[in-house]
Amino acid sequence: MPKKKCGFGFSCASMMMQPGLEVYECPNYRTCSLANDLTVEEEVELIIVRQIQTSQKQGEFKYVHDKIRINRRQAAIMMLMSRACPQSLESLSIHELINQVGASLDQLRSRLTQFEGQYIAPESCEVHSYNVKRPRSHLTERGVESYRRAYQYNKLTAMKPIFEPFERQAKVRVIHLSRSDDPRNLEAREGIERRNKVTQVRTKLKLIEQALADALALL
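Analysis parameters
- Residues numbered from 1 in each chain as written.
- Predicted model: local features only at pLDDT ≥ 70, side-chain atom pairs only at ≥ 80, totals over all residues.
- Heavy atoms only, no water.
- Helix = DSSP H or I, 4+ residues; strand = E, 2+ residues; numbered from the N terminus.
- Rg over C-alpha atoms; globule rule 2.2 N^0.38 Å.
- Buried < 20%, exposed > 50% of the residue type's maximum accessible area, 1.4 Å probe, protein only.
- Contact = heavy atoms within 4.5 Å.
- Areas by Shrake-Rupley, 256 points an atom, 1.4 Å probe, with all protein chains shown as cover.
- Patch = residues over 30% accessible without salt bridge, like charges linked within 9 Å, V, L, I, M, F, W, Y side chains within 5 Å.
- Salt bridge = Lys/Arg side-chain N within 4 Å of Asp/Glu carboxyl O.

> Account for the overall build of the protein chain, naming residues and giving values.
Looking only at helices and strands, one finds five helices and five strands in the protein chain. Reading the protein chain from its N end, one meets helices and strands in the order α-α-β-β-α-α-β-β-β-α. What you see for the protein chain is a C-alpha radius of gyration of 40 Å, clearly larger than the 17 Å of a compact globule of 219 residues, by over 25%. Its C-alpha atoms give the protein chain principal-axis dimensions of about 125 × 45 × 40 Å. Buried positions account for 20% of the 219 residues belonging to the protein chain. Taking contacts inside the protein chain between residues at least 6 apart in sequence as the whole, the part at least 24 apart equals 49%. Here the protein chain has roughly 17,200 Å² of accessible surface; of this, 53% comes from carbon and sulfur atoms.

Set out below in structure tokens:
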């Protein structure tokens, strides 16, 4: 003969706090046996046992019988919460991860302050080196000899006129940066590196933003 089971799926021994209690011995047996005949919202009255500590001393407690009204959906939740190893936001590390994301964003915000007051080059803008040949001359035993010598210079170049002009009123595409050891060239190249780092950070933040939007859409 198959062993009787609770119609709501409860552990009678646990619900009544009586180890070894059989289903047919449970005071809720008749009520629970009608579970399949109830609508989802129709309520029934069940008896449950709670353990209450009676004093500050360890091990001093009493059992209290309570009556609760419950429907099939509430009973299903109650059964799963008591038997089905329920998890929580804490056990699934959700709050921990949210805190870690927040801490990482705070750290990122702090590190980005190093770019404040520093030159950051525009996007689609690069520093290029170019050579210019200039005439030179020097005195030899045979007289003055002339030749052309190549000099290397640098320029900051954009795809369209975005730079403030030195003399003209209209914006320009190129800013000349002089020789390679000139501070203008060095700082412009540093500005390119800063821009690349910041735009890469922006890309990562956009991915995080989309991931968070996807997470919100799940709830």
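> Can you tell me about unusual backbone geometry, naming the residues and giving the values?
For residues that are not glycine, phi is negative in most cases, and the peptide bond is trans in most cases. One non-glycine residue, methionine 17, lies in positive phi territory at about 55°. Position of methionine 17 among the secondary structure elements: in the loop between helix 1 (12-15) and helix 2 (29-32). Under the relative-accessibility criterion, methionine 17 is labelled partly exposed at 31%. Positive phi values are uncommon outside glycine, yet serine 93 reaches one of about 65°. Relative to the assigned elements, serine 93 resides in the loop between helix 3 (72-83) and helix 4 (94-111).

> Lay out a nonpolar patch on the surface in plain terms, naming residues and giving numbers.
A surface patch of nonpolar side chains, about 360 Å² in accessible area, is lined by Val101, Leu105, Leu205, Ile208 and Leu212. When contributions to the nonpolar patch are tallied by element, the ones reaching two or more residues are helix 4 and helix 5 (183-218). Tallying contributions element by element places helix 5 first for the nonpolar patch, with three residues. Residue placement: valine 101 occurs in helix 4. For valine 101, a relative accessible area of 37% corresponds to the partly exposed category.

Limitation: the analysis is restricted to geometry and does not speak to function.
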